[in-house]
Structure formats: C-alpha cells, structure tokens
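A closer look at the structure
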Amino acid sequence: MKAYHLVVNGERKSVTVDPSTPVLWVLREDLKLTGTKYGCGIGACGACTVHLGGLATRSCLVPVSLVGDRKIVTIEGMSRDPIGRIVQDAWVDKDVVQCGYCQSGQIMSVVALLKANRKPTDTNIEESLGGNLCRCGTYVRIRDAVKSAAEKLA
Amino acid sequence: MFAVLIALFLAQTTDGLAAWQKVHSVLTSPRCINCHTATNYPQQGDDRHRHFANVIRGPQDKGVVALNCATCHQSQNANSTGVPGGQNWHLAPLSMKWQDLNDQPLTSAEICRSVKSQLDGAHLLKHHAEEPLVLWAWNPGRRPDGTVRTLPPLTHAQFVEATRQWIKAGTPCP
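Throughout what follows, the structure given in this document is the object of discussion.

What counts, and at which threshold
- Residues numbered from 1 in each chain as written.
- Chains lettered and ligands numbered in written order.
- Predicted model: local features only at pLDDT ≥ 70, side-chain atom pairs only at ≥ 80, totals over all residues.
- Heavy atoms only, no water.
- Helix = DSSP H or I, 4+ residues; strand = E, 2+ residues; numbered from the N terminus.
- Rg over C-alpha atoms; globule rule 2.2 N^0.38 Å.
- Buried < 20%, exposed > 50% of the residue type's maximum accessible area, 1.4 Å probe, protein only.
- Contact = heavy atoms within 4.5 Å.
- Areas by Shrake-Rupley, 256 points an atom, 1.4 Å probe, with all protein chains shown as cover.
- Lys, Arg positive; Asp, Glu negative; His and termini not counted.
- Charge placed at Lys NZ, Arg CZ, Asp CG, Glu CD.
- Phe/Tyr/Trp six-rings, centres within 6.5 Å; stacked < 30°, edge-to-face > 60°.
- Pairing = 2+ DSSP bridges.
- Buried area = accessible area lost by both parts, 1.4 Å probe.
- Polar contact = N/O pair within 3.5 Å; in protein donor to acceptor, adjacent residues only side chain to side chain.
- Nonpolar A, V, L, I, M, F, W, Y, C, P; charged D, E, K, R; others polar.
- Disulfide = S-S within 2.5 Å.

1. Regarding the overall build of chain A
Within chain A, the secondary structure is distributed over five helices and five strands. In chain A, the succession of α and β elements from N to C terminus is β-β-α-β-β-β-α-α-α-α. Whereas a compact globule of 154 residues would reach a radius of gyration of roughly 15 Å, chain A reaches 15 Å, a difference of no more than 12%. Residues classed as buried in chain A amount to 51% of the 154 residues present. Residue pairs in contact within chain A that sit at least 24 positions apart in sequence constitute 57% of those at least 6 positions apart. With the model as given, the accessible surface of chain A reaches about 7200 Å², and the carbon-plus-sulfur share is 51%. Taken together, the 20 basic and 15 acidic charged side chains of chain A have centroids lying 2 Å from each other.

This is the structure in structure tokens:
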C-alpha cells in the first residue's frame, strides 16, 4: 500500500492503495465517485473513460502509480465544465439515454472531441467514439446530441 | 590488385546482405511491423489483424481525439489486462511504412530502401539500440489470455549487432 495525492475534478484527494490499483477503482471505491462505470475492465468498451491530463483515457487500464501529477476529471466534474454542461444538456434534450450505463463514458469522449474540434463531421464523431460501445444502440441519438452541442458551441 | 579489391567488395556486400536479412527478419515480425502499416490503422496480434474498435492513425500517428493511442496504451505493459504499453505509444509515420495497402509486407528490397532513406547509419543504430518502442518488442508483455506475446526471431543484442554489421558493410540492399 502506498499513499497517492490526486487532483480529481479540481479537488485534492489522498488515497492509500496498492500501486497497481486501476484509477477506476480508486474513483469508485475510495473516492465514491461512482459515475465512472466498470464495463469490460480491458479497455474495450469505453464505459470507464475519464480525462487524465486532458486526454480521454480508459481508467480501468491506468494503475494509480502512473497518474503522477496529471489531473483527473470525471463525469461528476462535467457540470462545472462549460463544454461538459452543454453536452449534458444536449443529452437531455435529445433524450439520448436508454439504460444509461455507457453514457458517462460516451459524454467524456464527446467532451474531449468538442474541446479539440468544435465542428466535428459524422466521420470525426464515428472515429472518436469508435471505442465507446452502447449495447442499447443509442448511436444515432448520440450523434444527434453531439451535433446539437456543437451547434451551441459555434 | 584490382581483382583483390573487387573480391573484398563482393565479400563485404555478401556479409552486408546476410546482416540485412537478419535485420529484416526482425522488422517484419509482428511486434514491429504491426505499427509500420501503410493504412490509416494499426494491426495487432501475430496474425496482424486490424486493431479492434476502428482505431484510426490520426493526423500525428497517435490516434484521433478521444481515441488516442494513449487512451488505452500507457507507459508500460498492463499484464493484468493484456494491453501493451510503452513510452509515447504511436504508429510509425507513413514514410516508414513496411507494408502495402493490402496489409502485405513490402519486399525485402523495398523495406531496405525505405529504412535507408529515413535514417543515416548512426541514427539508425541508435534507433534500434535505444528507442523505447523498439525495445518494447523484446518486452511485449502478456496477451489478454495471460500468455506471453511472441518475441522477434533474434535477441535485441543480435538485432543491434546485425544492424551494426549491415551499416559497416555500407547498407547494401537485395
């Protein structure tokens, strides 16, 4: 066990965990930030996506020992992010969610996309979200919501 | 005297070509060639299939935003999940492609010319000896099923020595 000092959603947090503990489980079990979901545990579904140092990252794959001084932002921090707020509103407007399990990861990827590209094409959206799976098949509504959010950001 | 010089030249070329064949055997192993594609995607596995999740090369060979290489590939292998990792994980640039657009390896001669055109001897030797992603090929970690990934056909020391011999012989190509 080792102590780690993290910055999560702008707040300093300290945890004492095994160095190999994935960030996902530090968030969920130690910090009780359960908006980030466990899907596959092998980086194949995207449900656990967070922003690590500004980069959309699969938190199930990153041991806490590799975080270093990179800031972590989770779905819980999105309501305070100007783009995150707009994306969440678009999600509500377009009634994107069915079961909802994958949607926090979807939103984290979309926010990363829109921070880099305010006018994404269908191809941009499909490529950037290629690693976020939705078993309910809400992809069409996701794309509509991304475009809606992009229009508000224009 | 002239005949002796010719004989020495031919012997050096023969030795150089033999060294190149050793280098080539490593370059075309899946641990290396999977990221030296001519397409807009990397490959994975010993069967060199297209990377899952529609992973795209992207403008800087590091994926696209929200699906960058580093979205999954960290600075070290993750043996608990089977996701490989290394410093600055990325695709080789298209200028260093060793395959055609049908995912087939280029000929030995074509790869040889490609390698020569990109780096001079000193830089090539340094690249093969020290580049973290080259070194990763000999420490590729475990697959998701827990088995160890296949290594290149030579040891890293043999690979570097073969590179040295090839350069010493004047980098002859088939």
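2. Some words on the packing of aromatic side chains
Scanning the model with the defined rule gives four aromatic pairs over all chains in all. Between W25 of chain A and Y38 of chain A, the ring centres sit 5.3 Å apart and the planes meet at 40°, which makes this aromatic pair tilted. Here the residue W25 of chain A occupies a position in helix α1 (residues 23-30), and Y38 of chain A occupies one in the loop between α1 and β3 (49-52), the gap between them amounting to 13 residues. Residue classification places Y38 of chain A among the partly exposed residues on the basis of a relative accessible area of 35%. Centre to centre, the rings of W89 of chain B and W136 of chain B are 5.0 Å apart; their planes meet at 90°, and the pair counts as edge-to-face. With W89 of chain B in the loop between β4 (67-68) and α3 (108-118) and W136 of chain B in helix α5 (residues 132-136), this pair connects stretches of sequence that are 47 residues apart. You can call W89 of chain B buried: its relative accessible area is 13%.

3. Re the pairing of strand β2 (residues 11-17) of chain A
Working note: regular strand, side chains alternate between the two faces of the sheet. Residue and element names in this part refer to chain A. Bridging between strand β1 (residues 2-8) and β2 involves seven bridges; their strand directions are antiparallel. Note on β2: the bridge partner recorded for V7 is R12. Taking the residues that link successive antiparallel strands as the turn, the β1-β2 hairpin has two residues, and the phi of N9 there is positive, at about 50°.

4. A word on the interface of chain A and chain B
Contact with chain A, which involves 20 residues of that partner, is made by 17 residues of chain B. With both sides pooled, the region where chain A packs onto chain B buries about 1600 Å², and carbon together with sulfur makes up 65% of that total. The largest contributions to the chain A side of the interface with chain B come from L61, L66 and E127 of chain A, which together make up 33% of the buried area. The tally of links from chain A across to chain B stands at three residue pairs in polar contact (both at pLDDT 80 or more). Those elements that place two or more of their residues in the side of chain A that touches chain B are β4 (55-58), α3 (103-116) and α4 (122-128) of chain A. Looking at the side of chain A that touches chain B residue by residue, the class counts come to ten nonpolar, seven polar and three charged.

5. Digging into the pairing of β3 of chain A
Residues and elements named next belong to chain A. Where burial is concerned, the two faces of β3 agree: the one with T49 and H51 and the one with V50 and L52 are both buried. Sheet analysis places β3 next to β4, joined by four bridges and oriented antiparallel. In the strand pairing of β4, L52 is matched with L55. The turn joining β3 and β4, which pair antiparallel and follow one another in sequence, is formed by two residues; a positive phi near 60° is taken by G53. In this sheet, strand β5 (residues 72-73) lies alongside β3 in antiparallel orientation, the contact comprising two bridges. From the neighbouring strand, L52 faces β5, where its bridge partner is I72.

6. Examining the state of the cysteines
All names here are of chain B. This model, assessed by the stated rule, comprises one disulfide over all chains. Between the sulfur atoms of C112 and its disulfide mate C173 the distance is 2.0 Å. Taking the sign of the S-S torsion, -85° for the link of C112 and C173, the bridge is left-handed. With C112 in helix α3 and C173 in the segment after α6 (156-168), this residue pair connects regions lying 61 residues apart in the sequence. Accessibility expressed as a relative area gives 0% for C112, which makes it buried.

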